[in-house]
Amino acid sequence: MGLTPDMQAALGRLTLRNPIMVAAGTFGYGVEYRDLVDLSELGAVVTRSLTLTPRMGNPPPRVAETPAGMLNAIGLQNDGVDAFIIETLPRLREAGATVIASVAGETLEEYVQVAAKLSRAEGVAALELNLSCPNQARGGMEFGVQPELTAQVVAAVRQATDLPLIAKLSPNGGEIAPAAQAAVAAGAEAICLINTLLGVAVDAHRRQFRLASKVGGLSGPAVKPIAQYHLWRVRQSLPDTPLIGVGGVSSAEDAIEFILLGAHAVQIGTANYVQPTIALEIVQGLRDYLTTHGFPSVDAIRGLVQ
Amino acid sequence: MTLPVAAQVHFVPMTRYELPAVVVEHRQRATNQYELILHAPPIAARAAPGQFVMLRPMRTHAPLWRRPYSILRANPDKGVFSVFYSVQSAFTELLALKPIGSTVQTLGPLGSYFVPVRTARRHILVAGGVGAPPLYFFASRLMPTLQAGEQILILAGARRRDLLVGLDEFRALGAEVRIATDDGSHGYKGYVTDLLQHVLETDPTDAAVYACGPNRMLQVVAHICLERGAPCQVSLDAPMPCGMGVCLGCAVKVATPDGGVWYKRACVEGPVFRAEELVWD
Ligand SMILES: Cc1cc2nc3c(=O)[nH]c(=O)nc-3n(C[C@H](O)[C@H](O)[C@H](O)COP(=O)(O)OP(=O)(O)OC[C@H]3O[C@@H](n4cnc5c(N)ncnc54)[C@H](O)[C@@H]3O)c2cc1C
Ligand SMILES: Cc1cc2nc3c(=O)[nH]c(=O)nc-3n(C[C@H](O)[C@H](O)[C@H](O)COP(=O)(O)O)c2cc1C
Ligand code: FES
């Protein structure tokens, strides 16, 4: 067999030890997994989305299992960016994690303030703007599906931070490419796609919605073909922009498919719940695949499926 | 600066294990009910009554989630523990297929546990249907520690006689068992909470209540106990995508010390909560 393959992933100014990350909101703040997963072996840990002040989140039930997937309407429950910086960030650093902080807001100013606080903190490698959370009545989604709003937020946050900036976009507005182009033009260095898809689920026995907030975001294996479609489309319109694929990845093969379609990196979401050690298994599976097929690096397979 | 309640409890302190547990026995206990005995020494050694495991019998996309199961008994010497389940739908149908010698991917032990109230003389365990297993585990660990004059009373309820779980076990422990069924097919005709009401009528001051069952039953149990001033711990049911504190899908509304409300996680701060902490909607 040849040499061990080069697993590094370069996303503009952000270089990761490998292209496998865990997705926002699906890995807690990251530290909760410390006893099960060596965080320093992951490409990066994306935190749950952080807001300026603590958010209580939506009333339960907040989750429902669906065929090969799940709906969630957590409502961005988090302790706020200050608590994250004081309590959690030091522990993530201690665990050797590469930390990407997910930034959420209900207003443009909130995004800017959260981003500014995080860029002053020590140990944040990049910011991911959650422009796409479909659970928020006022925040997230509107920003991500309208190219003009996307551009405004990205440009404003760009002014407030020197950190590498990733724009995470929603599939709920139809084609993602226009918002992706707007984000890049406004200063985003990478695009992450997709966030969850809007959906509802009904309990036939109780004759009511299964989520208290009725509408939730769909994730899990069921969304993989949609995520791959969007990745492939955005790859065509932005051939040189680093793309992070997310949606339904639950095996090394799934992750490889995204890379073949042009992803520089891949995030694992819902699968973390089902198999807490899955992200590291996927890192190993990707390494084995490259070795077995004689590819020298992850870069060597990226975009092979056009 | 004061952090919200949740901030102080993120850092899951307990020891838990993720491992393929070997099926050493799989006993049918009633028409649709099974006891699954798993070999997993570290889990068996640390399991406390009220705690649960997340099981994944097969690598399927549907059903997608693991499911939580309360620990029924644990034998640290033999390195085994068991869970008791009733076949309801796709997941439990798959679980029932697991043969001896196969493995079930298991995460545990997880969550909070029942804490004996040492000032009580009557320990009243209220079991609704499939809520019996953690209470049986609790009773079996509590029984040998009882002082003279202390006793365990089991109040078991279900819709019908055939949905009552674990009566023989409870009796074998030497505990007194009283039964209620909605349709009167066994014991008192009515709700198990009626039995509780009756038992606490005489003297609530020497009683402590521990309950597991449908949330609607638990709400009534909590209400009765708060009214009578009996300390009460309830084990809640909640959908649990991860069981390990990361998804926040299992939110339970609690009162905070400063008079507000916040959500705690049924899988980490729960499933066993002190009744006075909970805010029922
Ligand atoms: C902390 C905790 C501990 C638990 N411990 C145990 C345990 O020890 N033993 C145990 O058996 N379970 C336990 N459960 C429940 C368990 O996790 C599963 O939810 C249960 O086994 C059902 O699994 P299933 O996949 O077969 O059913 P699912 O696919 O989840 O079935 C769907 C659910 O819908 C309901 N449903 C299905 N058909 C109908 C209908 N016609 N009318 C109304 N409702 C319907 C069923 O009640 C069922 O729960 C526990 C849950 C929690 C949160
Ligand atoms: C319970 C849950 C919470 C989530 N929270 C966030 C979040 O806070 N911010 C965010 O950008 N995405 C969030 N997501 C979306 C995921 O990061 C991911 O984009 C999506 O789930 C698709 O990937 P998957 O199919 O691998 O889960 C959440 C997803 C789930 C299931
Ligand atoms: S089940 Fe995921 S946090 Fe409790």
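Each residue is numbered by its place in its chain's sequence as written, counting from 1. Written order determines the labels here, with chains lettered from A and ligands numbered from 1. Under the rules for a predicted model, residues below a pLDDT of 70 receive no local features and side-chain atom pairs below 80 are neither given nor counted, while totals for whole chains, interfaces and linings still include all residues. The basis for the side-chain values is all heavy atoms of the structure; hydrogens and waters are excluded.

## Notes on the confidence of the model for chain B
Residue and element names in this part refer to chain B. To keep things clear, this is the line we draw: Residue-level confidence of the predictor, termed pLDDT, takes values from 0 up to 100. For this analysis, residues touch if any pair of their heavy atoms sits within 4.5 Å.
When pLDDT is averaged along chain B, the result is 92; 95% of the residues meet or exceed 70. Note on residues 1-10: pLDDT is under 50 here. Beyond four places in sequence and across chains, it has 22 contacts. Two numbers describe this predicted complex: its pTM, 0.94, and its ipTM, 0.93.

## A short note on the sheet that holds strand β6 (residues 103-110) of chain B
Residues and elements named next belong to chain B. Counted only if it meets this: Note: two strands are recorded as paired if DSSP finds a minimum of 2 bridges between them. Secondary structure elements are defined from DSSP: runs of H or I of at least 4 residues count as helices, runs of E of at least 2 residues count as strands, and each element is numbered from the N terminus. Every angle, taken between N-to-C directions, lies between 0 and 180 degrees, and every axis is a line fitted to C-alpha atoms, over only the stretch in contact when it is a helix.
Here we have 6 strands rolled up into a closed barrel, ordered β1-β2-β5-β4-β3-β6, and antiparallel in their pairing. Mean inter-strand twist for the sheet, computed between neighbouring axes without regard to direction, equals 45°. Where strand β1 (residues 17-30) meets β6, 6 bridges bridge the pair, whose relative direction is antiparallel. Its bridge partner being in β6, E18 is matched across the sheet by L107.

## Some thoughts on a nonpolar patch on the surface
Residues and elements named next belong to chain A. Going by this rule: Like charges are joined within 9 Å and nonpolar side chains (Val, Leu, Ile, Met, Phe, Trp, Tyr) within 5 Å, but only among residues with over 30% relative accessible area and no salt bridge; these make up the patches. Using the Shrake-Rupley algorithm and a 1.4 Å probe, accessible areas are obtained, with residue cover drawn only from the displayed protein chains. We define a salt bridge as a contact between a side-chain nitrogen of Lys or Arg and a carboxyl oxygen of Asp or Glu at a distance within 4 Å. Any residue under 20% of the maximum accessible area for its type is buried, any over 50% is exposed, and the rest in between are partly exposed; the area is computed with a 1.4 Å probe on protein chains only.
There is a patch of nonpolar side chains on the surface, built from L198, V200, V202, F209 and V215 and spanning about 420 Å² of accessible area. Examined against the element boundaries, V202 turns out to sit in strand β12 (residues 202-203). Classification of V202 by relative accessible area gives exposed; the value is 55%.

## A short note on the site of ligand 1
Going by this rule: Note on terminology: near, applied to a residue and a molecule or strand, indicates that one of the residue's heavy atoms is within 4 Å of it. Counting of polar contacts relies on pairs of N or O atoms within 3.5 Å, with two restrictions inside protein: one atom must be capable of donating a hydrogen and the other of accepting it, and residues adjacent in sequence are counted only when both atoms are side-chain atoms. Three classes are used, and their members are as follows: Ala, Val, Leu, Ile, Met, Phe, Trp, Tyr, Cys and Pro are nonpolar, Asp, Glu, Lys and Arg are charged, and the others, Gly among them, are polar.
Neighbouring ligand 1 are 17 residues; P68, Y69, F84, F91 and T92 of chain B lie closest to it. Surrounding ligand 1 are residues belonging to chains A and B, so the site spans chains. At a separation of 2.7 Å, an oxygen atom of ligand 1 approaches a polar side-chain atom of Y69 of chain B. In the environment of ligand 1, an oxygen atom lies 2.2 Å from a nitrogen or oxygen atom belonging to the side chain of T92 of chain B. Bound to the protein, ligand 1 loses 66% of the 940 Å² it would expose on its own. Residue assignment for the shell around ligand 1 shows that the elements contributing at least two residues are β4 (67-75), β5 (80-86) and α2 (90-96) of chain B. Broken down by element, the shell around ligand 1 gets its largest block of residues, 4 residues, from β4 of chain B. A per-class count over the shell around ligand 1 returns 9 nonpolar, 6 polar and 2 charged.

## So, the environment of G131 of chain B
Residue and element names in this part refer to chain B. Topologically, G131 is positioned in the loop between β7 (122-128) and α3 (132-142). Considering only alpha carbons, one finds G131 and L164, 33 residues apart in sequence, at a separation of 9.6 Å. For G131, the residues in contact, after removing those within four places along its chain, are C212 and G213.

## Comments concerning the packing of aromatic side chains
This is how the line gets drawn: The criterion for an aromatic pair is that two Phe, Tyr or Trp rings (for Trp, the six-membered ring) have centres within 6.5 Å, with stacked assigned to planes under 30 degrees apart, edge-to-face to planes over 60 apart and tilted to the rest.
Within the structure shown, the criterion is met by 10 aromatic pairs over all chains. Centroid distance Y29 of chain A to F84 of chain A: 6.4 Å. Interplanar angle 25°. Geometry classified as stacked. Placement of Y29 of chain A in the loop between β3 (20-22) and β4 (44-46) and of F84 of chain A in helix α1 (residues 81-94) is noted, with a sequence separation of 55 residues between them. The buried category is assigned to F84 of chain A, whose relative accessible area is 1%. Ring centres of F114 of chain B and Y210 of chain B lie 6.3 Å apart, and the angle between their planes is 85°; this geometry places the pair in the edge-to-face category. Of this pair, F114 of chain B sits in the loop between β6 and β7 while Y210 of chain B sits in strand β11 (residues 207-212), placing them 96 residues apart in sequence. The exposure class of F114 of chain B is buried, given its relative accessible area of 3%. Residue classification places Y210 of chain B among the buried residues on the basis of a relative accessible area of 0%. Among the aromatic side chains, those forming a connected cluster through ring pairs are Y34, Y69, Y85 and F91 of chain B.

## Digging into the interface of chain B and chain A
This is how the line gets drawn: The term buried area refers to how much accessible surface (probe radius 1.4 Å) is lost by two components on association, counted for both of them together.
Contact residues are listed per partner, giving 36 residues for chain B and 44 residues for chain A. The contact between chain B and chain A buries some 3,500 Å² in all, and 65% of this surface belongs to carbon and sulfur atoms. The closest approach of N and O atoms between R59 of chain B and E281 of chain A, which form a salt bridge, is 3.4 Å. Between the two partners, chain B and chain A, sit 13 residue pairs in polar contact (both at pLDDT 80 or more). Every element with two or more residues in the side of chain B that touches chain A is listed here: β6, β13 (251-255) and β14 (261-265) of chain B. In terms of residue count, the dominant contributor to the side of chain B that touches chain A is β14 of chain B (3 residues).

## Topic: the sheet that holds strand β8 (residues 151-158) of chain B
Residue and element names in this part refer to chain B. Across the sheet, 7 strands lie side by side as β10-β9-β8-β7-β11-β12-β15; this open sheet has mixed pairing. Every other strand in the sheet has two partners, leaving β10 (188-189) and β15 (272-274) as the edge strands with one partner each. As paired strands, β8 and strand β9 (residues 176-181) are joined by 6 bridges and run parallel to one another. Across the sheet, residue L155 finds its bridge partner in β9, namely R178.

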